[in-house]
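# Understanding the architecture of this molecule
Now for the letters of each chain:
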Amino acid sequence: MRFLKGFGQFWYDFIIGDDWKIAVAVGLALAVVTLALVAGLTSPAVLTVVGGLLIVLFFTASILIDTRSHRS
Amino acid sequence: MTGAAWGLAAATFAASFVEFVEALTIVIAMGMTRSWKSALVGVGTAILALVAFTAAAGYALATWLPESLLQLVVGTLLLIFGLQWLRKAILRSSGLKALHDEDEEFKEQTAAAKSAGEVNKAGLDWFAFVVSFKGVFLEGVEVVFIVITFGLSAKDMPVAILGAGAAGLIVLTVGVAVRRPLAMIPENTLKYGVGLLLASFGTYWAVEGIGIFGAGGESLSWPGHDWAILALLATWFLLSVALVSTFRRRTRTREIAPTAEVNA
């Protein structure tokens, strides 16, 4: 059990790291693009640009949340 | 070598260099405060584990995984690593987080090593062994992902391996010579640049890899193909500059708390 816990912690530290909001931002952006692709909402070329913009947008939101929660 | 090959070698060199410096700091801290033998056995075991991991991952990638799934998995990991680095670089440049200092990191590691209890297993100081193993393996896996992504993107794996290998060799040689953390390296600037590179390549690959969920399972294709990486690099750079400028202004007007208030 201790080994499993340590193993899980190791991969959590490796993938999620210091700030879980980054992983959530990336996961959310990619999930939205996946849903749009599966639903056939637009052409794949447009989807790549939308995906890139969503990643930029969600990352910006995560870092703004970070700094807003530390307002003095 | 062509200009593109030099660029690839420089990118993998810089990204791997930072990872190797971090691993070196951990190993030196363990060696100096606990046991050199245990720390070096930890390094050796981590290198063996890395070789096994790389061989297994390489075999799986080459034989089982479709290209789009490989891009999605490796691209997503690289993107997360890159954005973590970029976030820290933005906060540090804005004065919202203390600058990374290998000497300070070394002090923290040695303090933790001194306060840890004595546990001996297989004739080794277990704390020194585990911390050294974990440090080298974690940083090493990141180097493996960097080499895979940069090498496959540029379709020149030998040059990517050469860049990472040269970085490892230089850090190891200087580390053995000076036996102290490499604090003179402009690590914050390097991390900023590497964060931009990883975020750009990661975005490009992760989004292309989403194609695995499409009808044919083929990778999506960016407009302009590889040139899109440059557009992504410019976008991440401009965003980081805009965020640093905004945070600096807010810090000056005391809207947000200054240095080291933002965690991690």
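Cut-offs and rules
Residues numbered from 1 in each chain as written. Chains lettered and ligands numbered in written order. Predicted model: local features only at pLDDT ≥ 70, side-chain atom pairs only at ≥ 80, totals over all residues. Core = buried A, V, L, I, M, F, W, Y, C linked by C-beta atoms within 7 Å. Buried ≥ 20, exposed ≤ 12 C-beta atoms within 10 Å, placed from the backbone. Helix = DSSP H or I, 4+ residues; strand = E, 2+ residues; numbered from the N terminus. Contact = placed C-beta atoms within 7 Å. Axes fitted to C-alpha atoms, helices over the stretch in contact; angles between N-to-C directions. Parallel < 35°, antiparallel > 145°, perpendicular 65-115°, else oblique. Left-handed = near helix turned anticlockwise from the far one by under 90°. Nonpolar A, V, L, I, M, F, W, Y, C, P; charged D, E, K, R; others polar. pLDDT = per-residue confidence, 0-100. Expected span 1.5 Å × (residues − 1). Arc of directions from axis to C-beta.

### Considerations on the nonpolar core
What tends to happen in soluble globular proteins is that the nonpolar side chains get buried as a cluster. Membership of the largest hydrophobic core comes to 88 residues, with the highest contact counts inside it found for V26(A), V27(B), L78(B) and L198(B). Sort the elements by how many residues they give to this core and helix α1 (residues 3-33) of chain B lands first, with 15 residues. Apart from residues lying up to four places away in sequence, L198(B) is in contact with A15(B), L78(B), F81(B), G82(B) and W85(B).

### Digging into the packing of helix α3 (residues 67-93) of chain B against helix α5 (residues 126-153) of chain B
Residues and elements named next belong to chain B. Interaxial distance between α3 and α5 falls to 10 Å at its minimum, and their mutual angle equals 120°. By the angle between their directions, the pair α3 and α5 is classed as oblique. Of the two elements, α3 crosses α5, and the hand of that crossing is left-handed. Note on element contacts: α5 touches α3 through E142, F145, I148 and T149, opposite V74, G75, L77, L78 and F81. Broken down by class, the residue content of the contact of α3 with α5 amounts to six nonpolar, two polar and one charged.

### A closer look at the confidence of the model for chain B
Residue and element names in this part refer to chain B. The share of residues in chain B with pLDDT of 70 or more is 90%, and the mean pLDDT across the chain is 84. Of all the helices and strands in chain B, helix α4 (residues 102-115) carries the lowest mean pLDDT, 72, while helix α8 (residues 227-252) carries the highest, 91. Interface scoring of the predicted complex returns ipTM 0.90; its pTM is 0.78.

### Description of the interface of chain A and chain B
Residue-level contacts link 30 residues of chain A with 35 residues of chain B. Of the residues contributing to the side of chain A that touches chain B, the split by class is 17 nonpolar, nine polar and four charged.

### Some points on the confidence of the model for chain A
When pLDDT is averaged along chain A, the result is 86, and 94% of the positions lie at 70 or above. Between the elements of chain A, mean pLDDT differs from a low of 77, seen in helix α1 (residues 2-15) of chain A, to a high of 94, seen in helix α2 (residues 20-39) of chain A.

### Notes on α2(A)
Each turn of an α-helix holds 3.6 residues, which means side chains three or four residues apart point in the same direction. With 20 residues, α2(A) extends 28 Å from end C-alpha to end C-alpha; this agrees with the ideal 28 Å at 1.5 Å per step. Among all positions of α2(A), only I22(A), A23(A), A25(A), V26(A), A29(A), L30(A), V33(A) and L37(A) are buried. All buried residues of α2(A) lie within an arc of 165° about the axis, which places them on one face of the element. Turned more than 90 degrees off the buried face of α2(A), the exposed positions are W20(A), A31(A), L35(A), V38(A) and A39(A). Elements that come into contact with the buried residues of α2(A) comprise α1 and α3 (44-68) of chain A together with α3 and α7 (187-209) of chain B. Following α2(A) by one or two positions, G40(A) adopts a phi angle in the positive range, close to 65°.

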